[in-house]
Structure formats: structure tokens, C-alpha cells
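# A look at the structure
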Amino acid sequence: MVVRVSTGRALLAATLGVGLAVTAQAASYPDIGPLPQLKIDKAKAELGKRLFFDVRLSGDAAISCADCHVPEKAYASKEALSPGYPGNGHFRNASSLVNTAHKNIWNWDGRIGTNLNDMTREMITEDYIMNMDMRIMQERLKQDPLYVKMFKDAGYGEPSNGSVRKAIPEFLKTLTSTGSPFDTGTMSASAKRGMKLFKGKAGCIQCHNGPLLTDLKPHNTGVPENFDVFLDPMNHQAFMAFAMFQGIPNYRNMKRDPGYFNVTLEKKDMGKFITPSLRELKYSAPYMHNGMIKTLPDVVEFYNNGGGKDSNKSKKLKPLGLSASQKKDLVAFLESLSGKPLTGSKYVWDQPYPGEYPVIENWTQVRN
Amino acid sequence: MSIKKIAPSLVAAAVATVVLTACQAQETKMGSAAAGKSMAAKTAQSGPPPLAPLGPPPIPPDNKQTPAKIELGKILFFDPRLGGDASTGCSTCHEPDQGWAWAEDFSRGYPGTVHWRNSQTIINSAYYSRLFWAGSVPSLEKQAKSAAKGGVAGNGEDDIMESRLALIPGYRKRFKDVFGSEWPLIGDAWRAISAFERTLVQRDTPLDKYLLGDKSALTEQQVKGMALFNGKAGCIQCHNGEMATDQDYYNIGVPPNKRWEEDGLAQVTFRFELYAKGMTEEGYRTTKADPGFYFRGKNKWDKGKFRTPSLRYTTYTAPYMHNGVFYTMEEVVDFYNRGGFDEEGRTTGYPENKSKLIKPLGLTDEEKEDLLAFLEAFSGEEIMMEKPAMPEYAPLFTKAELEAAQEAK
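Criteria and cut-off values
Residues numbered from 1 in each chain as written. Chains lettered and ligands numbered in written order. Predicted model: local features only at pLDDT ≥ 70, side-chain atom pairs only at ≥ 80, totals over all residues. Heavy atoms only, no water. Helix = DSSP H or I, 4+ residues; strand = E, 2+ residues; numbered from the N terminus. Contact = heavy atoms within 4.5 Å. Areas by Shrake-Rupley, 256 points an atom, 1.4 Å probe, with all protein chains shown as cover. Rg over C-alpha atoms; globule rule 2.2 N^0.38 Å. Buried < 20%, exposed > 50% of the residue type's maximum accessible area, 1.4 Å probe, protein only. Phe/Tyr/Trp six-rings, centres within 6.5 Å; stacked < 30°, edge-to-face > 60°. Lys NZ or Arg CZ within 6 Å of the ring centre and 35° of its normal. Domains from an automatic or database assignment. Buried area = accessible area lost by both parts, 1.4 Å probe. Salt bridge = Lys/Arg side-chain N within 4 Å of Asp/Glu carboxyl O. Polar contact = N/O pair within 3.5 Å; in protein donor to acceptor, adjacent residues only side chain to side chain. Axes fitted to C-alpha atoms, helices over the stretch in contact; angles between N-to-C directions. Parallel < 35°, antiparallel > 145°, perpendicular 65-115°, else oblique. Left-handed = near helix turned anticlockwise from the far one by under 90°. Nonpolar A, V, L, I, M, F, W, Y, C, P; charged D, E, K, R; others polar. Patch = residues over 30% accessible without salt bridge, like charges linked within 9 Å, V, L, I, M, F, W, Y side chains within 5 Å. Lys, Arg positive; Asp, Glu negative; His and termini not counted. Charge placed at Lys NZ, Arg CZ, Asp CG, Glu CD.

### Examining the overall build of chain B
Secondary structure summary: chain B contains 17 helices and 2 strands in total. Of the contacts formed within chain B by residues at least 6 apart in sequence, a portion of 71% connects residues at least 24 apart. When the accessible surface of chain B is totalled, it reaches about 16200 Å², and 56% of it is carbon and sulfur.

What follows is the structure, encoded as C-alpha cells:
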């Protein structure tokens, strides 16, 4: 265990180190713009969709991915802090999943840097998320005739853990922003002024750049702690279990979210979080890793003040001195980055799931 | 660690395979040492050891009994927070008023599942050298851990369970008092529960009293039944000594539970168990009856063998056998009388392994009655217990402490 975690840490740290050096030197940023199209396998994505909304993927068959990643909220959580698996809370906001397939590093602290296959496994198996023994999950799926058919049609053969971890990412690819004023060239004049500020005076582009409006790198912006993480034992137990499992020293006395420190265990990374995408913010409030900022005007105000209080805060953040109308323009630009909601049956599995597992007939004769 | 807990890692794919194999080994890695001990008794010329009054349970030197530890163990035993979604603790499937077991053929499972075996009574479990129907673990301490974690049992993980204990001030205090540690450690929870279980013993049954010299403790009919038990019915060959078990493993012909043919949820669990316990691909595809002791050493002659259970406290623990196929003691006795067949003539899925000791007994109706009467002598009063009050969660830090930490950032 320890060995695996530290291998992960070392690899991830190395890649990021190089990235940071390059950006610092170049001092010009990848431009913002439309997202590339992703090739999607329909049958696999359809299977992934059914899995995403199926409570039988959790240990006690009580919650699905969509209970935390709510379609109407751009697949982020409704409240500041995500719900947890029954009997638990959580200590972070559930990240929006729109455009997650375009990323190469996941979770607010960036602890997964491989692929959505691993991310999916983490969600299904983590004890305060879905707490599923994937071996039971596999047998549940094999007991559902529609899954048996869908896995086969998708070219996966019989239902298996491995193909669940491929099909769900395929579905996640379909959750790509479409139709934002920014992408369709229909921004208001105010939004256009906001974009200028974004790239200029407000300096947002330093971290929020490229088609996703993120450098996918960790920064400390000084977002205040959400005390509900520690004052509600349900949330605190999830945090403690997380920090214990990650091997964070003195985790029981910890009174803050360590963020990227968790990945490197280096002090300089304390309180850093991976820059999030700024697409679909219209739907995904409240904001930040712990939902501590409720509205976009509040976010802009936060940056206008030079971010929050933290001795490790990024040097890139300074008071901005934006006027009231400039703040409005910046908000208008942020809003122009939201497209159509990804709801409705194209994205949401809306057919009922069977109430119980049908029996496999002639059981003693057929192969398992 | 279960497959559930795969560390975030860049080398995930390779690691996943390793973890898989490692956790599959869980039940299979156990040595076959345990079987040896009872063999010794059997090879002695004198035949099986006679039934005997039950002495005090063995207490492991590294987990001494203390009143405070036992009390802590009792609370933990009844606390559903020692499980995945805080709904399913030990007592959920080991209900005091269901014989400290569960009164259905298959035990209830973790929510969303059903178990695949009958829940065993906790009463007198302290005396076994190996626990579970197939003897897969060597101590109560290890047993508690695997019960709390198993996917169709408690489905809890160490990190979450230990964190819960840390956030319950009543537990922090008790763990500190008992184990001297600053924070509750999950391993100590299993120790405390085991200490509690070692108090759940029954040593004053009619049989104990009789064997200790109180000849009025058994009726005349029971005395006749005892003679059959020791003689014509041959039960003593396996159900012997103070626990009425040789703790050895036999296939006595118990037929597969029909629920596996009729209940989709049970089919899910059946395949899961084969998968989790490391069957070969072909074994997974074709197995239709619980292989039992086979999982220990993967010897095909062990398929369908289970540990001889104690007959103590059985008045309260119906249904019987590893898969609960018999709901009454009458059915059990009829099953033995037919030589290991149920009333439909069904027997084990592994007839080639059926013990030679199981053969038609030719008991008359009266003899069956006598034997049944004697079997009751293995149970004393029903052991009931009130559920203790559960200590509550409380925040670990005050708002002021959090504010100070925020200021200091």
C-alpha cells in the first residue's frame, strides 16, 4: 500500500514539475477556445449511462453516481459538501463531471493522474463514496438480463469489472459542453469586455487557460476552510478515513484540507488545489473544493481582494482593483462559458431498473 | 485490504492485479494445521472421547479478560457503526433472541445482499480452534475482523470504522482505559469483541449437570437417547468431547439449498463467493454446491465438507446446517436416519466425498423420539441480553479551535 502510494506520488510530482517550469519560462498561456470533439462509441456510452444512474453499483444498493453528481447541477453536488455513502458524509464538493473526459488529472487535489478508468474504480470502491466490492458488483450485473445484452452489444462480452470501468468513462465523454455563447460566438458586449479583463488586468488566464480554462495544475488561492467538514462528525469521519488511507501525518489532528499536499507530502503543496474548469458554472454553484463561495459575484470579489488568507498562497494573486462595472463584466464572461444543460434522456437514463434480480432458470445446468 | 481499497496510483493497472490475488488468498491461505489435532484423539484405540461437562473457555494470553474490556466489547458487538453504512453490526445477524444467530436458512446479508450460509450462534464460539462453517479463521479476533469487512456481512473498511470510533467520545475514553491508546485502534475493537464473546458460554445445561453427577438432570427418555447417541445412532463419532464436536471436517450429505435455483439475489452471492474465494475459472463456471472446506486447501476430496458444529444451544438456533436446509431437529434426525438424505432423497452435490460414517441408522420412531429428547439436553436456559446504550458522536474540534487554525494558515 505505502509503496503504491509513494510510487504514484513520485511520478505525478515529476510530470508536474516539468510543466510548471515550462509555463513559468514561457509566460504566455494556451489560449481559451472551443473544446475538441471526442469520438464516442454509442453502445458503450449507452451502457455507461445505465451504469451511472444505477444504485446497484453501490455496496448497499442505495446510491448511484448521480446522487452526488447531479445532472441539473452540471453533474456536481447540490450542496457545498457532497453527500457521502449512507452512514457517512463527505468533505469536498463533488466536482462537475462536464468535460471531465478532457482532463488528465482528477479530483480537487489531483490525486489521480492516470485516466477515468482509475477514477471510476476509485468512486465505486471508496468506502465513503460507493463502498462497493467490485466482485459483488460484477455478479449483480450478470444477474440483470438487460446488462448481459448491453455488455455484449457493446463488444465487452459478459459483464465484468473491467468493462464497467471502460463503459462509464465512455459515457462521461458524452458530457461535453455544447452551445455556450463563448463557443458559438454569441457573447454579449459585457461578456466580451469581461474576457479582456480575464486575459488582462484580472490575470485569471495565468491559471484558467486553454479550452477547458484550466492549466490543470495545483495552486493555493486561500479559499477558507468549510468548518462543516470538522463540525459534522459524518463529514469528519470521511475526511479522517481519507487522510488515514492517504498516509497523511498526524491526520487525526488535522484541521484543514491538505489539498495537493496529499499527493507529494511536501509542505510547499499545502492547501493547493487543481485549477478547475470554468465551464458550466451557471449550474454548478456553490464553488470551490468545499463550496465555500456561493455565487460568481462572490468569486470575483474574492479574487478582487487578492484571494483568501494563507501563508502559502500563490504569488500570482494580488488585489485587482476592479471597478464595479468591471466586476460585472467579468461575471458576464464567466456566465457566457455555460452551455445547454446536459439533462434529458440523451444524458440521463430514465427507464426504470428492475426491482429485484430475476432468477437464472435451470441454474444447476447452465454455466455461471 | 479488500479490492475496494485500491490506492490512487499511476501504476494502477499492474497493482490492481496484485491486490486481487492477494485478497483472494484470504480464505485459501490458511494452513491445514487445525485438522491435525482432532485426528490424534481419533487414532487412540479407545474410540472417540466421551461427551463431557464444559470447562471454562480458553483465554488467549495476549487478550486477557477484564470487566472493562468485556463491557466495551459488548457495546461494540451491538454497534452497527462497525460496518460499511452503519446499519449492519455483529448483533444484526447474531440476534440474542434468534439464538445469537439469524433464524433463516441463509443469514441476512449486508443491505442489498443475502449471505450464502447460515448464521452461526455466538454462544460457545469461544471454544472453537477454528471459526466459520469451513473453519477458515483461527481465532475470534481474526473472525470479527473478517465478519466486519466481508462484502455480504459488515462491508466495512478499517479506515472508516476506526475514524468513526475516533469521533465518539465515549469510545475514546473506553479504548484509552482498556488499551491505553490515545485513539481507538480497530484491532483493539476486535480484541474487545472477542473478550465479550468469551463470556457468551453456557456450562449449566442438563447434560453438564448430569455428567457432573446430578442424575436427575436428564429424564429417562433422555438417558435412552444418550445411549443411542453414543451407540446405534453413532453421533458420538463426530459430536464428541465437551463441545460435542471433534472440530473436524466432513461431508455428511447435506443437500444444496434450493434457494440457489429459485432466488436471483442468492445466485449473485453464490457466484461472488466462488469468485472471491479464488475458484479457478472452470470451477467458477461449473460449481453449483458450496464447496466448503475445499476452499482451505483446494483439494477436491474436501468438497462439501464442513466443520462438525457443536450441538450445544441448538434448541435456539434453528434452522440447521451450513445452509440452513433443515428447519427442525426432527428433520435433522430423519436426515441422519436415512443415511444423509432429505425427504426428497436429495443429498450433497459432492456425493463422492460423503463420509463413510454416515449410513442408514434404522432407528425406530421411538428411538428417534428418545434421541430428539436427548438433543434438548445440550441446551440450558435461553441467553437473553438487553442492547446496551450506544455512545454518541460529537465533534472533535470546537469552532474556536477551527478559527484559530484558519488564522494560523
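### Side note on the overall build of chain A
Across its full length, chain A holds 15 helices and 2 strands. Taking 21 Å as the expected radius of gyration for a compact globule of 368 residues, we find that chain A reaches 21 Å, a close match to that expectation. Each principal axis of the C-alpha atoms in chain A carries an extent, and together these give about 75 × 50 × 35 Å. Burial analysis of chain A (368 residues in total) assigns 60% to the buried set. In chain A, the proportion of contacts linking residues at least 24 apart, taken out of those at least 6 apart, comes to 69%. With an accessible surface of roughly 14600 Å², chain A has 58% of that area assigned to carbon and sulfur atoms.

### Focus on the packing of aromatic side chains
All chains considered together, the criterion is met by 39 aromatic pairs over all chains. Between Phe-151 of chain A and Tyr-156 of chain A the ring centres are 6.2 Å apart and the planes differ by 55°, which places this aromatic pair in the tilted class. Judged by its relative accessible area of 0%, Phe-151 of chain A is buried. Residue Tyr-156 of chain A is classed as buried on the basis of its relative accessible area of 16%. The ring of Tyr-294 of chain B is capped by Lys-303 of chain B, whose NZ or CZ atom sits 4.9 Å from the centre of that ring.

### What about the domain arrangement of chain B?
All names here are of chain B. Partitioning chain B into structural domains gives domain 1 (67-202) and domain 2 (206-257 + 305-378). Relative placement of domain 1 and domain 2: their C-alpha centres are 29 Å apart. Taken together, the 24 residues of domain 1 in the interface contact 24 residues of domain 2. Both sides together, the interface formed by domain 1 and domain 2 hides about 1900 Å², and carbon and sulfur atoms give 54% of it. Run the count over domain 1 and domain 2 and you get 0 salt bridges. Joining domain 1 to domain 2, the criterion identifies 9 residue pairs in polar contact (both at pLDDT 80 or more).

### Section: unusual backbone geometry
In this chain, Ala-285 of chain A is followed by Pro-286 of chain A through a cis amide linkage whose omega measures -5°. You can see Pro-286 of chain A is positioned in the loop between α13 (281-284) and α14 (296-304). In this chain, Ala-318 of chain B is followed by Pro-319 of chain B through a cis amide linkage whose omega measures 0°. Among the secondary structure elements, Pro-319 of chain B is positioned in the loop between β2 (306-307) and α15 (329-337). Positioned with a positive phi, Ala-61 of chain A is a non-glycine residue whose angle comes to about 55°. For Ala-61 of chain A, a relative accessible area of 25% gives the class partly exposed.

### Considerations on the packing of helix α2 (residues 42-52) of chain A against helix α6 (residues 145-153) of chain A
Residues and elements named next belong to chain A. With their axes 8 Å apart at the nearest point, α2 and α6 run at an angle of 150° to one another. Looking at the two axes, α2 sits roughly antiparallel to α6. You can see that α2 and α6 cross each other, and the crossing is left-handed. On α6, the residues touching Ala-43, Glu-46, Leu-47, Arg-50 and Leu-51 of α2 are Leu-146, Tyr-147, Met-150, Phe-151 and Asp-153. Looking at the contact of α2 with α6 residue by residue, the class counts come to 7 nonpolar, no polar and 3 charged.

### Side note on the domain arrangement of chain A
How big an interface is tends to be stated in terms of the accessible area lost upon association of its parts. Residue and element names in this part refer to chain A. Entries for chain A in the domain assignment read domain 1 (22-35 + 181-224 + 238-335) and domain 2 (42-174). Between domain 1 and domain 2, the C-alpha centre-to-centre distance is 26 Å. Across the boundary between the two partners, domain 1 contributes 26 residues, which contact 26 residues of domain 2. Across the domain 1/domain 2 interface, buried area totals approximately 2200 Å², and carbon plus sulfur atoms make up 65% of it. Put simply, domain 1 and domain 2 have 1 salt bridge between them. Elements supplying a minimum of two residues to the side of domain 1 that touches domain 2: α11 (233-246), α12 (261-264), β2 (273-274) and α13. The leading source of residues in the side of domain 1 that touches domain 2 is α11, at 5 residues. Considering only residue class, the side of domain 1 that touches domain 2 consists of 16 nonpolar, 7 polar and 3 charged.

### Observations concerning a negative patch on the surface
All names here are of chain B. A contiguous patch of negative charge, built from Glu-330, Glu-331, Glu-343, Glu-369 and Glu-376, is present on the exposed surface. Those elements that place two or more of their residues in the negative patch are α15 and α16 (365-376). Mapped onto the secondary structure, Glu-376 falls in helix α16. For Glu-376, a relative accessible area of 48% gives the class partly exposed.

### Here we look at the environment of Lys-255 of chain A
Of note, Lys-255 of chain A is situated in the loop between α11 and α12. Residue Lys-255 of chain A is classed as partly exposed on the basis of its relative accessible area of 25%. With 30 residues separating them along the chain, Lys-255 of chain A and Glu-225 of chain A place their C-alpha atoms 8.6 Å apart. For Lys-255 of chain A, the contacting residues outside a window of four places in its chain are Glu-225 and Phe-230 of chain A together with Phe-397, Glu-401, Leu-402 and Ala-405 of chain B.

### A look at the side chain of Thr-92 of chain B
Positionally, Thr-92 of chain B belongs in helix α4 (residues 90-93). If we ignore the near neighbours within four places in the chain, the residues touching Thr-92 of chain B are Ser-87, Trp-102 and Arg-108 of chain B.

### Topic: the interface of chain B and chain A
Contact residues are listed per partner, giving 71 residues for chain B and 72 residues for chain A. Across the chain B/chain A interface, buried area totals approximately 6500 Å², and carbon plus sulfur atoms make up 62% of it. Seen at the junction of chain B and chain A, the total is 5 salt bridges. Its salt-bridge partner being Arg-271 of chain B, residue Glu-139 of chain A comes within 2.5 Å of it at the nearest N-O pair. For the side of chain B that touches chain A, the secondary-structure elements that each account for two or more residues are α1 (12-28), α6 (158-166), α11 (259-262), α12 (264-276), α13 (281-286) and α17 (399-407) of chain B. Among the elements that line the side of chain B that touches chain A, the one with the most residues is α12 of chain B, at 10 residues. When grouped by side-chain class, the residues that make up the side of chain B that touches chain A number 38 nonpolar, 14 polar and 19 charged.

### Some remarks on α6 of chain B
Structural remark: α-helix, 3.6 residues per turn; residues separated by three or four positions point the same way. Burial runs high along α6 of chain B: 9 of the 9 residues are buried. For α6 of chain B, the complete set of buried residues consists of Asp-158, Asp-159, Ile-160, Met-161, Glu-162, Ser-163, Arg-164, Leu-165 and Ala-166 of chain B. In this structure, the buried residues of α6 of chain B make contact with α11 of chain A together with α3 (67-77), α5 (140-149), α7 (169-179) and α8 (186-197) of chain B.

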